[in-house]
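Per-entry structural report
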Protein chains: 2
Amino acid sequence: MSVSTISKPHERLSEMLAGEMAAVNTLIRTRMASEHAPRIPEVTAHLVEAGGKRLRPMLTLAAAQLFGYSGDHHVKLAATVEFIHTATLLHDDVVDESGQRRGRPTANLLWDNKSSVLVGDYLFSRSFQLMVETGSLRVLDILANASATIAEGEVLQMTAATDLGTDEGVYLQVVRGKTAALFSAATEVGGVIAGANDAQVKALYDYGDALGVAFQIADDLLDYQGDSAVTGKNVGDDFRERKLTLPVIKAVAQATADEHAFWVRTIGRGRQEEGDLDYALSLMAKYRTLEATRADAFGWAAKAKASLEAVPDHEIRTLLGDLADYVVSRLN
Amino acid sequence: MSVSTISKPHERLSEMLAGEMAAVNTLIRTRMASEHAPRIPEVTAHLVEAGGKRLRPMLTLAAAQLFGYSGDHHVKLAATVEFIHTATLLHDDVVDESGQRRGRPTANLLWDNKSSVLVGDYLFSRSFQLMVETGSLRVLDILANASATIAEGEVLQMTAATDLGTDEGVYLQVVRGKTAALFSAATEVGGVIAGANDAQVKALYDYGDALGVAFQIADDLLDYQGDSAVTGKNVGDDFRERKLTLPVIKAVAQATADEHAFWVRTIGRGRQEEGDLDYALSLMAKYRTLEATRADAFGWAAKAKASLEAVPDHEIRTLLGDLADYVVSRLN
């Protein structure tokens, strides 16, 4: 496949980093093995081999390459990041009682909740061993803090999702926990291991953070205005599942007393009736919250791109900039 | 309370280390807080403040004191160890679908499974931050490996518990994951942070490992021969819950064809009838497996005590030796 026929930036990155991505995949397969508990690789393989874009490990490799890194710790850190991601998916599926992920039955459905909880714990501990092998306390500090942000964000999401007092500040924290904290840690540790200076490391953090926020806001917006043939989800799933996301938070903030009562009934109490989704959409239209949410997503993508000014001019920098455009291009 | 009126060695240790234990408790309360997600301290407090003997953090403090440590990293590591322990309890209760722990309703029952899974993850990540603060890569390596052993042991227990092919080797691995890995990491990191030499660190590991194995074997034995007024459990709970523990594993190893079929039906397939527990007990009596299990527990306690020969002569060493006797004294 020649570069010219590939248009998506993450596919171009994946091609450019093909050798290292192969090393990451080999490391993942080696480290997810368990001599004694065959259930572990079974469950992990189900998820790891389902594919996904491997965006997070690619960000780590890309950040390290941007600074001409020539060791092999970036491969370990890329695998670390993917293990943490996989572990959170396993636990999320238990928490959300999901039945499907990436178009396949979830592990908690194929095996049981126990397996998802314990194999998730195992992958966390394996990721921990991998990062210790790099011998970098700074890397360990970054990943420890990212783990705490992720876990806190997950708890916050659980308690804030149906709480109508949730404002844009709380939403942003949930989004950081859910998505942006691992994106920013992925780019940051890539720079740290490659010896980038403090300003550059900060730029990589800012890029990953803004990219993650843009990505998640776009996802939440597509839930209300996406083409279900493309997104694989039905319009309004988040409404039906009583998840307060940005388009609704913005509508709640401007609601009249009657409209507020509507949100309390449908999201706060979960007493939904036929026609409620249509009325919710009409309130979002009334206050133009889908447009405002879209503008926020583009703003974060622009912020991600702007952060890259502080890192070296490099083909990878261009692709990372394109990636920021790409995550919101789904909204056009 | 004067020392002479206290007979239990962990109570004497607790009194001797009272100042540091108070510092550990303060640190635990500070670090389990979450500015944003109040559900986290609610769930954690329920478990942390239920008491328990705080045996693991005490082992870390004791090991550091044995080498005259005067810094404050041992307090951080003691809190680390207690956080890891609390996180595994939260996840265990989800996995076991437990309704009670330490005589109180479990968190998964009071809140829900989601809270137990996510707050457990949060505590793991907090423990990770705490250990990074010590700046010791060796400590991080020990705790990363202990975490992997714990998680692997938990998965193994889930799949091996009802598998009649489970032998004493597999049982020992499960016991290490369930109990001994955190005991040995607790004593080992205490020594490492205090600058003990390699032979002394090895001795501390061996002590914690053997103490943990003795403790767990004693627990499993008491399930079949304990006084339910003392243990708070009913005789044969493990049999009813189809958990293959040492007294049964030893009986299965010597079973006739008919007896093997009995174990396959009751433990392997879980088709239990009235009178089955009595018959199981009669098979354990026939092969004297309770006596053999008891001898194993005393053997591990003796091994723990013998390991202490390599560490400095000190009042704490005497108490740690007494503690090894104490964990099996319940079997007299």
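Residues numbered from 1 in each chain as written. Chains lettered and ligands numbered in written order. Predicted model: local features only at pLDDT ≥ 70, side-chain atom pairs only at ≥ 80, totals over all residues. Heavy atoms only, no water.

- Looking at an unreviewed UniProt entry, chain A carries the name Octaprenyl diphosphate synthase, with the source organism given as Ruegeria conchae.
- Listed in UniProt under the heading Catalytic activity (unreviewed entry), the comment for chain A reads: "5 isopentenyl diphosphate + (2E,6E)-farnesyl diphosphate = all-trans-octaprenyl diphosphate + 5 diphosphate".
- As stated in UniProt under Function (unreviewed entry), the record for chain A gives "Supplies octaprenyl diphosphate, the precursor for the side chain of the isoprenoid quinones ubiquinone and menaquinone." (UniProt positions renumbered as here; feature names shortened; annotations may be inferred.)

Some points on unusual backbone geometry
All names here are of chain A.
- For Arg-288, which is not glycine, the phi torsion reads 50 degrees and is therefore positive.
- Here Arg-288 shows up in the loop between helix H15 (276-286) and helix H16 (289-307).
- Under the relative-accessibility criterion, Arg-288 is labelled exposed at 56%. (Helix = DSSP H or I, 4+ residues; strand = E, 2+ residues; numbered from the N terminus. Buried < 20%, exposed > 50% of the residue type's maximum accessible area, 1.4 Å probe, protein only.)

A short note on the pattern of salt bridges
Residues and elements named next belong to chain B.
- If you walk through the whole model with that rule in mind, you get 36 salt bridges over all chains.
- In this structure, Glu-241 engages Lys-243 in a salt bridge whose closest nitrogen and oxygen atoms are separated by 3.4 Å.
- What makes Glu-241 partly exposed here is its relative accessible area of 47%.
- Salt-bridge contacts for Lys-286 lead to Glu-259; the nearest nitrogen and oxygen are separated by 2.4 Å. (Salt bridge = Lys/Arg side-chain N within 4 Å of Asp/Glu carboxyl O.)

Let's talk about the interface of chain A and chain B
- Facing 41 residues of chain A, the contacting portion of chain B comprises 41 residues.
- The junction of chain A with chain B conceals about 3,700 Å² of combined surface from both sides, 76% of it contributed by carbon and sulfur atoms.
- For chain A, the biggest contributors to the area lost against chain B are Leu-118, Phe-128 and Glu-152 of chain A; these three give 17% of the whole.
- In this structure, the connection of chain A to chain B is made through zero salt bridges.
- Summed over the shared surface of chain A and chain B, the number is four residue pairs in polar contact (both at pLDDT 80 or more).
- At the level of elements, helix H3 (39-48), helix H5 (73-96), helix H7 (113-133) and helix H8 (137-160) of chain A are the ones that each hand at least two residues to the side of chain A that touches chain B.
- Grouping the constituent residues of the side of chain A that touches chain B by class yields 21 nonpolar, eleven polar and nine charged. (Contact = heavy atoms within 4.5 Å. Buried area = accessible area lost by both parts, 1.4 Å probe. Polar contact = N/O pair within 3.5 Å; in protein donor to acceptor, adjacent residues only side chain to side chain. Nonpolar A, V, L, I, M, F, W, Y, C, P; charged D, E, K, R; others polar.)

What about the relation of the copies chain A and chain B?
- Mapping chain A onto chain B calls for a rotation angle of 180 degrees and an axial translation of 0.0 Å; the resulting RMSD is 0.0 Å. Given the turn and translation reported, the copies of this chain are related as if by a two-fold rotation axis.
- Here 100% of the interface residues in chain A have copies in chain B that are interface residues too; the copies meet face to matching face. (Least-squares fit on C-alpha atoms with pLDDT ≥ 70 in both.)

Examining the packing of aromatic side chains
- Under the definition given, this model contains eleven aromatic pairs over all chains.
- For the ring pair Phe-262 of chain B and Tyr-279 of chain B, a centre distance of 4.7 Å and an interplane angle of 85 degrees mean the geometry is edge-to-face. Residue Phe-262 of chain B is located in helix H14 (residues 257-268), and its partner Tyr-279 of chain B is located in helix H15 (residues 276-286); the two are separated by 17 residues in the primary sequence.
- Aromatic ring contacts, followed pair by pair, group Phe-239, Phe-262, Trp-263 and Tyr-279 of chain A into a single cluster.
- A cation over an aromatic ring shows up here: Arg-330 of chain A above the ring of Phe-215 of chain A, its NZ or CZ 5.3 Å from the ring centre. (Phe/Tyr/Trp six-rings, centres within 6.5 Å; stacked < 30°, edge-to-face > 60°. Lys NZ or Arg CZ within 6 Å of the ring centre and 35° of its normal.)

Details of the side chain of Glu-154 of chain A
- Looking at the secondary structure, you find Glu-154 of chain A in helix H8.
- The residues contacting Glu-154 of chain A, other than those within four sequence positions of it, are Thr-88 and Asp-92 of chain A together with Leu-118 of chain B.

So, the environment of Ala-78 of chain B
Residue and element names in this part refer to chain B.
- Relative to the assigned elements, Ala-78 resides in helix H5 (residues 73-96).
- Separated by 58 residues in the primary sequence, Ala-78 and Ser-136 have C-alpha atoms spaced 15 Å apart.
- Aside from chain neighbours lying at most four places away, what touches Ala-78 is Val-24, Pro-57, Thr-60 and Leu-61.

Examining H5 of chain B
- The first and last C-alpha atoms of H5 of chain B sit 34 Å apart over 24 residues, in line with the 34 Å expected at 1.5 Å per residue.
- Across the 24 residues of H5 of chain B, 22 count as buried, placing the element largely inside the fold. (Expected span 1.5 Å × (residues − 1).)

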